[in-house]
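Here is how the chains run, residue by residue.
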Amino acid sequence: MDVHVRELRYFVAVAEELSFTRAAKNRLFVSQPALSKQIRQLESMLKATLLERDRRTVTLTPAGRALLPRARQIVERWDAAARAVAEVVATHQMTLTVGFHTRIGRGLIPRVTARLDEVMPGWRLQFRQVSWGDPTVGLAGGDVDVAIAWLPVPDDGTLSWRVVSTEERWVALAVGHRLADAGTVPFDDLVDEPFIALPSAAGSRRDFWLAAEQRRTPPRVAAEADTAEETFEAVASGLGVVLLSAGNAEVYRRDDVVCLPVSGIPPSQLAVVWRTGDHRETVRVFVEACLRTLGAEVEG
């Protein structure tokens, strides 16, 4: 059986972090058991122990030290090859693929499309909804060329972004919820509520939409959802509540869900995101059109 690039990618992350926990949460956005399974598979295929681990430390074995620079090289070359192929395909088809987790709305796409038609006639946009489980919104895998995404995104140098909108966070509740008739809801009134959470693979974005930094105790997670549509179905059923941006409260308006502003937590930020080093003209035009439409604030 041949080794897969994914297994080498996982090994590199653990070898560089010297921690399964940090590699899983901060680099790979997968569960720790899934990461451990991939490392065991790689060791089994190579018939060598690559990492020595106990409850507190992870160290590279001689075999692991020998593999690490070669694994880095293979992963880097594969990523470069995948990007090159995606760019050729996009150029040939004159298509820019835009990734998103939640509906974009805000009048952004008609204006960006008009700008693209004006500057680069013949090019078109296509859209791909990506599961919350991919914190890069399809950019890491080369499935999309650019993305409209809620921050935070992985801050490891592989992605660049500009904030196009800052919006207060609201809460979505079932119509019959005890707080449904309130005006502005203090976050302290929500801390004991069951929440619908993003999957663990979403990493720091999951924590943000649970307002983890504003809590003194861990949140009560009633369920996880991979898409916004799943989230609102769970909320409507009374399973839990969820934080959302003010703009999405309008975009996802429905009769069985009430959305109210929340006080006591910082706002959310919507950004246009692209791969660092991707200097294609179409990407530049798309980014500039987004900024022109909604206004630039922060660069990452």
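The present account deals with the structure reproduced in this document. What you see is a predicted model, and the numbers here were worked out from it, not measured in a lab.

Another aspect to go through is the packing of aromatic side chains. Applying the stated criterion to the full structure yields 3 aromatic pairs. Aromatic pair Phe-208 and Trp-209: ring centres 5.1 Å apart, planes at 90 degrees, arrangement edge-to-face. For Phe-208, a relative accessible area of 19% puts it in the buried group. You can call Trp-209 buried: its relative accessible area is 5%. Ring plane angle 25 degrees and centroid distance 4.9 Å describe the contact between Phe-232 and Tyr-252, whose orientation is recorded as stacked. You can see Phe-232 sitting in helix α7 (residues 228-236) and its partner Tyr-252 sitting in the loop between α8 (246-251) and β12 (257-263), a full 20 residues away along the chain. The exposure classification of Phe-232 matches that of Tyr-252, with both residues buried.

With 13 residues, helix α1 (residues 5-17) should reach 18 Å at 1.5 Å per residue; the first-to-last C-alpha distance of 18 Å fits that figure. Taken together, the buried positions of α1 are Glu-7, Leu-8, Tyr-10, Phe-11, Val-12, Ala-13, Val-14 and Ala-15. Within two residues after α1, Leu-18 carries a phi angle of roughly 50 degrees, on the positive side.

What follows deals with the sheet that holds strand β4 (residues 124-129). Strand order in the open sheet formed by 5 strands is β4-β3-β5-β13-β6, with mixed pairing between adjacent strands. The outermost strands of the open sheet, each flanked by one partner alone, are β4 and β6 (159-167). Averaged over all pairs of adjacent strands, the angle between strand axes in this sheet comes to 25 degrees, irrespective of strand direction. Pairing of β6 with strand β13 (residues 268-275), which is carried by 8 bridges, proceeds in the antiparallel orientation. From the neighbouring strand, Ser-165 faces β13, where its bridge partner is Leu-270. Sheet strands touched by helix α5 (residues 108-119): β4 and β5 (146-150). Its angle to β4, the strand with the most contacts, is close to 145 degrees.

Strands sit in the order β8-β12-β7-β11 across an open sheet of 4 strands; the sheet is mixed. Both outer strands of the open sheet, β8 (185-186) and β11 (242-245), are each paired with one neighbouring strand and no more. Inspection of the sheet shows β8 paired to β12 by 2 bridges, in the parallel sense. Looking at the pairing, Pro-186 lines up with Ser-263 of β12. In the packing of α7 onto the sheet, contacts are made with β7 (169-174), β11 and β12, and the angle to β7 comes to roughly 50 degrees.

For a regular strand, the rule is simple: side chains alternate between the two faces of the sheet. Counting buried residues in β13 gives 7 out of 8 residues, a clear majority hidden from the surface. Summarising the sheet, β5 and β13 pair through 5 bridges and their orientation is antiparallel. Residue pairing for β13: Ala-147 is matched across the bridge by Val-273.

Right, let's talk about the packing of helix α2 (residues 20-28) against helix α3 (residues 32-46) for a bit. Two elements in contact, α2 and α3, have axes whose closest approach is 9 Å; the angle formed by their N-to-C orientations is 110 degrees. Between α2 and α3, the angle falls in the class roughly perpendicular. Contacts between α2 and α3 involve Phe-20, Thr-21, Ala-23, Ala-24 and Leu-28 from the first element and Gln-32, Leu-35, Ser-36 and Ile-39 from the second. When its residues are assigned to classes, the contact of α2 with α3 shows 6 nonpolar, 3 polar and no charged.

Our focus in this paragraph is the environment of Thr-227. Examined against the element boundaries, Thr-227 turns out to sit in the loop between β10 (220-224) and α7. Along the chain, Thr-227 and Thr-102 lie 125 residues apart, while their C-alpha atoms are 7.5 Å from each other. If sequence neighbours within four positions are ignored, Thr-227 has contacts with Gln-129 and Trp-132. A polar contact of 3.2 Å, which involves the side chain of Thr-227, links it to the backbone nitrogen of Glu-230.

Criteria and cut-off values
Residues numbered from 1 in each chain as written. Predicted model: local features only at pLDDT ≥ 70, side-chain atom pairs only at ≥ 80, totals over all residues. Heavy atoms only, no water. Phe/Tyr/Trp six-rings, centres within 6.5 Å; stacked < 30°, edge-to-face > 60°. Buried < 20%, exposed > 50% of the residue type's maximum accessible area, 1.4 Å probe, protein only. Helix = DSSP H or I, 4+ residues; strand = E, 2+ residues; numbered from the N terminus. Expected span 1.5 Å × (residues − 1). Pairing = 2+ DSSP bridges. Axes fitted to C-alpha atoms, helices over the stretch in contact; angles between N-to-C directions. Contact = heavy atoms within 4.5 Å. Parallel < 35°, antiparallel > 145°, perpendicular 65-115°, else oblique. Nonpolar A, V, L, I, M, F, W, Y, C, P; charged D, E, K, R; others polar. Polar contact = N/O pair within 3.5 Å; in protein donor to acceptor, adjacent residues only side chain to side chain.

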